[in-house]
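Analysis of the macromolecular model
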There are 2 protein chains.
Amino acid sequence: MKSDYIRPLDIKHGRVDMSHGSGGRAMAQLIEELFAKHLSNEYLAQGDDGARLPAVNGRLVMSTDAHVVSPLFFPGGDIGCLSVHGTINDVAVMGATPLYLAAGFVLEEGFALADLARIVESMAQAAKEAGVPIVTGDTKVVEAGKADGVFITTTGVGVLRQGVDLSGANARPGDAVFVSGPIGDHGTAVMVARGELALEVDLESDTAPVAASAQKLCALGTDLRWMRDPTRGGLATALNELAQQSGLAISIDEHALPVRPEVAGTCEILGIDPLYVACEGRLIAVIASGAVERALSALGAEAADVGEVRAEPEGLVLLQTTLGGSRVVDMLVGDPLPRIC
Amino acid sequence: MKSDYIRPLDIKHGRVDMSHGSGGRAMAQLIEELFAKHLSNEYLAQGDDGARLPAVNGRLVMSTDAHVVSPLFFPGGDIGCLSVHGTINDVAVMGATPLYLAAGFVLEEGFALADLARIVESMAQAAKEAGVPIVTGDTKVVEAGKADGVFITTTGVGVLRQGVDLSGANARPGDAVFVSGPIGDHGTAVMVARGELALEVDLESDTAPVAASAQKLCALGTDLRWMRDPTRGGLATALNELAQQSGLAISIDEHALPVRPEVAGTCEILGIDPLYVACEGRLIAVIASGAVERALSALGAEAADVGEVRAEPEGLVLLQTTLGGSRVVDMLVGDPLPRIC
């Protein structure tokens, strides 16, 4: 009486159509043959409109990020792994252990299933590496021309580490400011990947989880004052937020800032300051001066002590330039690089 | 030295531009003058890339939904309240108390700030009524023509009620099948609102939270077997999922099904079966036969006992028609109504 037969998805040549977002059999097939195939875990397997998860012990942390990066694939990553790292990192830098992810997809009709499969596979790989399963999801489809391939909104839930209470307000004059590695790689790599510039640059996005580094810094106890991942708006924007939250000044030393020559060169050609260019696998931290050595060894060889917290001028970020001068690093109104994440 | 001055947002005449998604000062202004103004709560006020929440006591439930409804405003609601209700309801029908929401926005460049404000206000109102705050969010902007006004992905977290373990597998032959009110209102109202049909129908979406009804049903203990909110794919799709999960048959009585004349009439003109049309404020439940009276009084005057669980034919949904016949209600491949939620 009942016809269960639908041809298997043609992942190699097929395309997303409106029925894949409709809640019917075609959507169930897309979920089963593409999403569940890569993301499978016990929670997704429950097959309900949400996931039943274990009890947690501690305060919750929740963060969400919509991802609209263009292009979808770039050297060093793609929207899939980026959407996993981005949200896990937001949870981790708040001092929490990331536990679970949810993912909501908006797909454009006509999008190649092969590209979708590549993206979902990349998410699965990133989630697996970070040990944070994607436990529930949703898929919607809009008509061709009403989106741009795929948008992915991920939401992360974690549990705050015992005794960890990070805030810009914890910063004290004399504290050191750290970055965990070179800045601006992600934004520069995505910009170059757009191919609108006649540039050939051998550079990859730094997209990666920072949860392990964040965990090591949390072991410093109250010597760790504050952490952030400097994504949209880059290091300059994150430090301006810190300056505002703390009511103190942040002084950074241009000479000490790790910037790859490829990033510096590309930014110079474009007239962009690398201080404002997004990273997606770095963290910045404020550490008590007595814990500098421990922080450096926790963060690894690429990390750098780039500056310090000062009492004044209140609320400002200052750059000590290589030429011996000093200038204010303000927050920009907009970002020179749209759709970078 | 530092210029803090940006003109206030012109919410009445202004439009979203690319800088509003850039992570800089323009985005901070949009968040402060539009989002935070309506959604303010102690968690959003933390001003970090995520929210620090209290400890929870019990098993977590997590659900996410991407919302792409077209049009954005329709009789009885809009994408704002819909995105709140949709996710809260998914959490509630799993037997959990919804606690927190996250919201990710993808905005199209040029979208009217007045419309965005109306949508955010509607979210705030819905969240307030349901007692579930929006604790964190994210905003991205894409170029004109790369989205369709606004897409909103909401994610809900809740805590499972003690002793509640709902599943289609709990259903037993003889159990009653309930719906909490008339079906198909939402999908029909949205379809009519598109204005592509020369129809004037006095009908509103049923978008509403079902958490209070779900809570009352949970008080039935193990006499409550399973709940679901029949959104995309409507009652027919939800009951097919139940039939599959339970390995039993679901028999529903066409005569007992509450369908408004406006919905029945519109669907008839369009050749659509109201059984497949989305509701956004209804729940369906399977209840032990001995608890039918208690369930009816818990669900209120609009609820109806519409059928029963049978031993066979396994995995099928059957409709007993008003003409005295019986037909299989299969799962559709697609949905007759795209972008309904």
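This text gives an overview of the structure that appears in the document. (Residues numbered from 1 in each chain as written. Chains lettered and ligands numbered in written order. Predicted model: local features only at pLDDT ≥ 70, side-chain atom pairs only at ≥ 80, totals over all residues. Heavy atoms only, no water.)

In an α-helix there are 3.6 residues to a turn, and that puts residues three or four apart on one side. Residue and element names in this part refer to chain B. Given a rise of 1.5 Å per residue, 14 residues ought to cover 20 Å, and the 20 Å separating the end C-alpha atoms of helix H2 (residues 79–92) matches this to within 8%. Within H2, 14 of the 14 residues are buried, which leaves it mostly tucked inside the rest of the structure. The backbone nitrogen of Gly-80 has a side-chain oxygen 2.7 Å away, supplied by the residue at the start of H2, namely Asp-78. (Helix = DSSP H or I, 4+ residues; strand = E, 2+ residues; numbered from the N terminus. Expected span 1.5 Å × (residues − 1). Buried < 20%, exposed > 50% of the residue type's maximum accessible area, 1.4 Å probe, protein only. Polar contact = N/O pair within 3.5 Å; in protein donor to acceptor, adjacent residues only side chain to side chain.)

A few words now on the interface of chain A and chain B. Contacts between the two partners involve 83 residues from chain A and, on the opposite side, 83 residues from chain B. Taken together, both faces of the contact between chain A and chain B bury some 6,600 Å²; the carbon and sulfur share is 56%. Looking only at chain A, the three residues that lose the most surface to chain B are A:Arg52, A:Met62 and A:Arg232, adding up to 12% of its buried area. Our count for the contact surface shared by chain A and chain B stands at 10 salt bridges. Inspection of the region where chain A meets chain B yields 41 residue pairs in polar contact (both at pLDDT 80 or more). (Contact = heavy atoms within 4.5 Å. Buried area = accessible area lost by both parts, 1.4 Å probe. Salt bridge = Lys/Arg side-chain N within 4 Å of Asp/Glu carboxyl O.)

The next subject is the side chain of A:Thr154. Mapped onto the fold, A:Thr154 is located in strand E7 (residues 150–160). Setting aside anything within four residues of it in sequence, one finds A:Thr154 in contact with A:Ser63, A:Thr64, A:Asp65, A:His67, A:Ser83, A:Thr87, A:Ala102, A:Ala103 and A:Met123.

Across all of its chains, the model carries 34 salt bridges over all chains by this definition. In this structure, the salt-bridge partner of A:Glu241 is A:Arg228, at a minimum N-O distance of 2.5 Å. One end of the pair, A:Glu241, is in helix H6 (residues 234–246); the other, A:Arg228, is in strand E9 (residues 224–228), and 13 residues separate them in sequence. The partner of B:Arg327 in a salt bridge is B:Asp273, and the shortest N-O contact between them spans 3.0 Å. Here the residue B:Arg327 occupies a position in strand E14 (residues 326–328), and B:Asp273 occupies one in the loop between helix H7 (261–270) and strand E11 (284–287), the gap between them amounting to 54 residues. Its relative accessible area of 35% is what places B:Arg327 among the partly exposed residues. Here the salt bridges do not stand alone but share partners, grouping A:Asp185, A:Asp206, A:Arg260, A:Arg282 and A:Glu302 into one network.

Turning our eyes to something else, we now look at helix H4 (residues 185–193) of chain B. Residue and element names in this part refer to chain B. For H4, the tally of buried residues reaches eight of nine residues, placing the bulk of the element in the interior. Inspection of H4 places Asp-185, His-186, Gly-187, Thr-188, Ala-189, Val-190, Met-191 and Val-192 among the buried residues, and these make up the whole buried set. Gly-195 sits one or two residues past H4 and shows a positive phi near 75°.

Another aspect to go through is the packing of aromatic side chains. Evaluated as defined, the whole model comprises five aromatic pairs over all chains. Here the aromatic rings of B:Tyr43 and B:Tyr100 are separated by 5.8 Å at their centres, their planes lie at 80°, and the arrangement is edge-to-face. Highlighted residues: B:Tyr43 in the loop between helix H1 (25–39) and strand E1 (51–55) and B:Tyr100 in strand E5 (residues 96–108), separated in sequence by 57 residues. There is no split in this pair, since B:Tyr43 and B:Tyr100 are both buried. A:Arg118 extends its terminal NZ or CZ atom over the ring of A:Phe73, reaching a point 3.7 Å from the ring centre. (Phe/Tyr/Trp six-rings, centres within 6.5 Å; stacked < 30°, edge-to-face > 60°. Lys NZ or Arg CZ within 6 Å of the ring centre and 35° of its normal.)

Take the packing of helix H5 (residues 211–218) of chain A against helix H8 (residues 292–299) of chain A next. All names here are of chain A. One can describe the packing of H5 onto H8 by two numbers: an axis separation of 9 Å at closest approach and a directional angle of 155°. What the angle tells us is that H5 and H8 run roughly antiparallel. Crossing of H5 against H8: the hand is right-handed. Contact residues: Ser-213, Lys-216 and Leu-217 in H5; Ala-295, Ala-298 and Leu-299 in H8. Grouping the constituent residues of the contact of H5 with H8 by class yields four nonpolar, one polar and one charged. (Axes fitted to C-alpha atoms, helices over the stretch in contact; angles between N-to-C directions. Parallel < 35°, antiparallel > 145°, perpendicular 65-115°, else oblique. Left-handed = near helix turned anticlockwise from the far one by under 90°. Nonpolar A, V, L, I, M, F, W, Y, C, P; charged D, E, K, R; others polar.)

Looking now at the pairing of strand E9 (residues 224–228) of chain B. Residues and elements named next belong to chain B. Among the five residues in E9, five count as buried, and that is most of the element. Relative to E11, E9 runs antiparallel, the two being bridged by four bridges. By the bridge assignment for E11, Met-227 is matched with Ala-285. (Pairing = 2+ DSSP bridges.)

Overlay of chain A on chain B (RMSD 0.0 Å): rotation 180°, translation along the axis 0.0 Å. Interpreted geometrically, this transformation is the action of a two-fold axis. No C-alpha of chain A lies nearer the rotation axis than that of A:Ala147, which sits 2.1 Å from it. Comparing interface residues between copies, 100% of those in chain A also sit at the interface in chain B, which points to an isologous, same-surface contact. (Least-squares fit on C-alpha atoms with pLDDT ≥ 70 in both.)

Our focus in this paragraph is the sheet that holds E7(A). Taken together, the five strands give an open sheet; going across it, the order is E6(A)-E5(A)-E7(A)-E2(A)-E1(B), and neighbouring strands pair in mixed fashion. Edge positions in the open sheet fall to strand E6 (134–142) of chain A together with E1 of chain B, since each of these has one partner strand only. Along the sheet, successive strands turn relative to each other by an average axial angle of 20°, direction set aside. Where helix H1 (residues 25–39) of chain A meets the sheet, it contacts strand E5 (96–108) and E6 of chain A, and its direction lies at approximately 140° from that of E6(A).

Next up on the list: the sheet that holds E5(B). Pairing in this open sheet of five strands is mixed, and the strands run E1(A)-E2(B)-E7(B)-E5(B)-E6(B) from one edge to the other. The sheet is open, and its two edges are formed by strand E1 (51–55) of chain A together with strand E6 (134–142) of chain B, each paired on a single side. Taken pair by pair, the neighbouring strands of this sheet meet at an average axis angle of 20°, ignoring direction. Contacting E5 and E6 of chain B, H1(B) crosses the sheet at an angle of about 140° to E6(B).

To continue, consider the pairing of strand E7 (residues 150–160) of chain B. Residues and elements named next belong to chain B. Counting buried residues in E7 gives 11 out of 11 residues, a clear majority hidden from the surface. Both strand E2 (residues 59–67) and E7 contribute to a ladder of eight bridges, which runs antiparallel. Across the sheet, the residue bridging to Ala-66 is Thr-153, located in E7.

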